[in-house]
Structure formats: structure tokens, C-alpha cells
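Structural overview for review
One-letter residues, chain by chain:
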Amino acid sequence: MDTRMQMTELHKAAIAYYNNIHDRDLRDKAWNFFRSMDTDGNGRVSFHELVEFFRQCGHNWADYNFFNSLDRDQDGNLDFWEVLTLYYIMKTRGVLCQSCGLCQMGLYFTCVACFDSASNTYDLCVDCYSNGRYRHHHISFLDNYVLLRS
């Protein structure tokens, strides 16, 4: 699945969760997350504001392609609903490839032994796993969808 399709799916999921939340505190958390990024108060989050937000959180992040994939209407800014997608990703997709460090929003591979031991998991993106670009002491990996069914 390409990045645009993945982001569309994540966007729909984020909106579905938000629209079906009956707890006002959870809705407020999403709005507070948005307001914490919208430092100039114009109701939009620019790429600069997003980078600054991550910097203040201790992350050296500046991926314009990811920002652009969040920007559904391609106006160069993120509205609340687009930031809500980022909030959903951060809360539900905190899986990074142990080899290249990219955030995994779709299919990825997990070491079965590490998963079963309830310790930290060892996760790899499809590219790193299929090209053997990793060093790990276990050899059995399953993709995240198969792992959940096993």
C-alpha cells in the first residue's frame, strides 16, 4: 500500500475514533495537542511549527514528505483534522524500524522470540527485513498482521 493510501486509511480511523469518543476529556486532549503546535494561533500548523513542536519535545525531526502526506488538501498547512491524524499515529503507531529508524504505519516485521518474551520488541520495516539490513540474535520474524493472528 502506498503512503498516500496508508495516510487516507489512518485519517479515516482517526476521525472515526474522534467522532465516537464520548469522553469530553479525550476530545480536549486532541484539541490541546493541536493548539500546542499552532503557536501563532491562526488555526493552522505550518511545517516550521511542527518541526519546532518536535524539537521542544526532544526530537530532531524534519521530514517534509511526511508533513506533506498529512496535508490532505495540499495547502501547505495542517488543520485540526490533519493534525488529528498525526495525534492518532503518535498514539497508536509508535513502532520504529530498528535498522533504519523509520516510523512504521503499515506492514512491518517483528521478532517472534522478543514479542513472546514480553520484553522490548525488535521491529523491522519491509525493506530492511527483505534486504537483510539488520543484525539481531533471533531468526524468526512474522509480519504484524500474522503475528496478531498466531
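Summarised in this report is the structure supplied together with it. (Residues numbered from 1 in each chain as written. Predicted model: local features only at pLDDT ≥ 70, side-chain atom pairs only at ≥ 80, totals over all residues. Heavy atoms only, no water.)

1. Points about the overall build of the protein chain
Heads up, the condition is: Put simply, DSSP marks the helices as runs of H or I at least four residues long and the strands as runs of E at least two long, and each gets a number from the N terminus on. Remark: exposure states derive from per-residue accessible area (1.4 Å probe, protein chains only) relative to the maximum for the residue type, with buried under 20%, exposed over 50%, and partly exposed in between. Only the protein chains shown count as cover for residues, with accessible areas throughout obtained via the Shrake-Rupley method and a probe of 1.4 Å. Counted charges follow a simple rule, with Lys and Arg positive, Asp and Glu negative, and His plus the chain ends left uncounted. For the purpose of locating charges, the reference atoms are NZ of Lys, CZ of Arg, CG of Asp and CD of Glu.
From N to C terminus, the protein chain includes 8 helices and 5 strands. Secondary structure elements of the protein chain occur, N-terminal to C-terminal, as α-α-β-α-α-β-α-β-α-β-α-β-α. Along the longest, intermediate and shortest principal axes, the C-alpha atoms of the protein chain span 50 × 35 × 30 Å. Within the protein chain, buried positions represent 36% of all 150 residues. If you sum the accessible surface of the protein chain, you get close to 9400 Å²; carbon and sulfur atoms cover 50% of it. Each charge sign in the protein chain was given a centre, from 14 positive and 19 negative side chains, and these centres are 3 Å apart.

2. Here we look at the nonpolar core
Rules: To define a nonpolar core, start from buried Ala, Val, Leu, Ile, Met, Phe, Trp, Tyr and Cys residues and group those joined through side-chain atoms within 4.5 Å. Contact criterion: two residues are considered in contact whenever any of their non-hydrogen atoms come within 4.5 Å of each other.
In this structure, Met37, Leu50, Phe66 and Leu86 are the most contacted members of the largest nonpolar core, which totals 25 residues. Put simply, the parts of the chain that give this core at least two residues each are α1 (3–19), α2 (24–37), α3 (47–56), α4 (64–70) and α5 (80–92). Considering every element that reaches this core, the biggest residue donor is α5, with 7 residues. In contact with leucine 86, other than residues within four places in its own chain, are Phe33, Met37, Leu50, Phe54, Phe66 and Leu70. In this structure, Phe109, Cys114, Cys125 and Phe141 belong to the second largest nonpolar core, which totals 9 residues.

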